[in-house]
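These are the residues of each chain, in order.
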Amino acid sequence: AGTQIGRTVRGALDGLNGTVFAYGQTGSGKTHTMGTAASFDADEGEESGILPRAMRELFDSLKARLETGELLQVRVSATFIEIHREEVRDLLHASGGALERDAARAGV
């Protein structure tokens, strides 16, 4: 895929840092853009949100690298956080509770 999200994912697989970030007012379309409000449908293509496209790119790229022998095994981990009014929540953690801030980094 020649999209920016595709380049970000492939760059991360090559060892670069990659971040997908949505910022804006309540009701501005962040959830729609990121694609977290709809169910994942592999056939949505460009109509799907950023996150489903990133996951599709990630696993397609990993599969290709495994098939060519470039990779022997893969371990994937992800962080999905929400920051609202200075409260950070891990949306993938079962509790869904707020994360504690490191006292040394408070205010950063």
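Our structure is the block above this text.
Scoring rules and cut-offs
Numbering of residues begins from 1 in every chain and follows the order in which that chain's sequence is written. Residue-level local features of this predicted model are given only where pLDDT is at least 70; pairs of side-chain atoms are given and counted only at 80 or more, and the full residue set underlies all totals for whole chains, interfaces and linings. Side-chain metrics in this entry use all non-hydrogen atoms of the structure; hydrogen atoms and water are not considered. Working definition: with a 1.4 Å probe on protein chains only, accessible area under 20% of the residue-type maximum means buried, over 50% means exposed, and in between means partly exposed. Helix numbering and strand numbering both begin at the N terminus, where a helix is a DSSP run of H or I of at least 4 residues and a strand a DSSP run of E of at least 2. The method works on a 1 Å grid over the protein atoms by themselves. A cavity is a set of points holding a 1.4 Å probe that cannot get out, a pocket is an open set with protein on both sides within 12 Å along at least five of seven lines, and residues with an atom within 4 Å of a point line them. Grid points are joined across faces, edges and corners, and a volume is the space filled by probe spheres set on the points. Ten residues, namely Ala, Val, Leu, Ile, Met, Phe, Trp, Tyr, Cys and Pro, are considered nonpolar, four, namely Asp, Glu, Lys and Arg, are considered charged, and the remaining ones, Gly among them, are considered polar. Multiplying one less than the number of residues by 1.5 Å gives the expected span of a helix. Contacts: residue pairs with any heavy atoms within 4.5 Å of one another. The term nonpolar core refers to a set of buried residues drawn from Ala, Val, Leu, Ile, Met, Phe, Trp, Tyr and Cys, joined through side-chain atoms within 4.5 Å. We define a salt bridge as a side-chain nitrogen of Lys or Arg found within 4 Å of a carboxyl oxygen belonging to Asp or Glu.

Caption draft 1: Quick peek at unusual backbone geometry. Despite not being glycine, Glu-86 shows a phi value in the positive range, around 65°. Residue Glu-86 is classed as exposed on the basis of its relative accessible area, which comes to 64%.

Caption draft 2: Here's a closer look at the environment of Met-55. Along the chain, Met-55 falls in helix H3 (residues 50–68). Each C-alpha atom of the pair Met-55 and Gly-6 lies 9.6 Å from the other, and the pair is 49 residues apart in sequence.

Caption draft 3: Spatial organisation of the layout of surface pockets. A volume near 1,600 Å³ is recorded for the largest pocket. Lining the largest pocket are 42 residues, and of these Val-20, Met-34, Leu-51, Thr-79 and Phe-80 lie nearest its centre. Looking at the lining of the largest pocket, the elements with two or more residues in it are helix H1 (4–13), helix H2 (30–34), H3 and strand E1 (81–84). With six residues, the single largest contributor to the lining of the largest pocket is H3. By residue class, the composition of the lining of the largest pocket is 24 nonpolar, 13 polar and five charged.

Caption draft 4: Looking closely at H3. In a regular helix each residue adds 1.5 Å, so 19 residues correspond to 27 Å; H3 covers 27 Å between its end C-alpha atoms and thus fits that length. Within H3 the residues assigned to the buried category are Ile-50, Pro-52, Ala-54, Arg-56, Glu-57, Leu-58, Ser-61, Leu-62 and Arg-65. Turning to H3, the residues buried within the fold contact H1 and H2. One or two steps after H3, the chain reaches Gly-69, where phi turns positive at roughly 85°.

Caption draft 5: The arrangement of the nonpolar core in detail. Residues Ile-5, Val-9, Met-34, Ile-50, Ala-54, Leu-58 and Leu-62 constitute the largest nonpolar core, which totals seven residues. Going through the elements one at a time, H1 and H3 are the ones with two or more residues in this core. Leave out the neighbours within four places in its chain, and Ala-54 touches Ile-5 and Val-9.

Caption draft 6: Broad picture of the pattern of salt bridges. Taken as a whole and assessed by the stated rule, the structure comprises four salt bridges. Taking the shortest distance from any N to any O, the salt bridge between Arg-65 and Glu-70 comes out at 3.6 Å. On the basis of relative accessible area, Arg-65 is assigned to the buried category, the value being 14%. The shortest N-O distance in the salt bridge between Glu-82 and Arg-89 comes to 2.8 Å. Through salt bridges with shared partners, a single network forms among Asp-14, Arg-65 and Glu-70.

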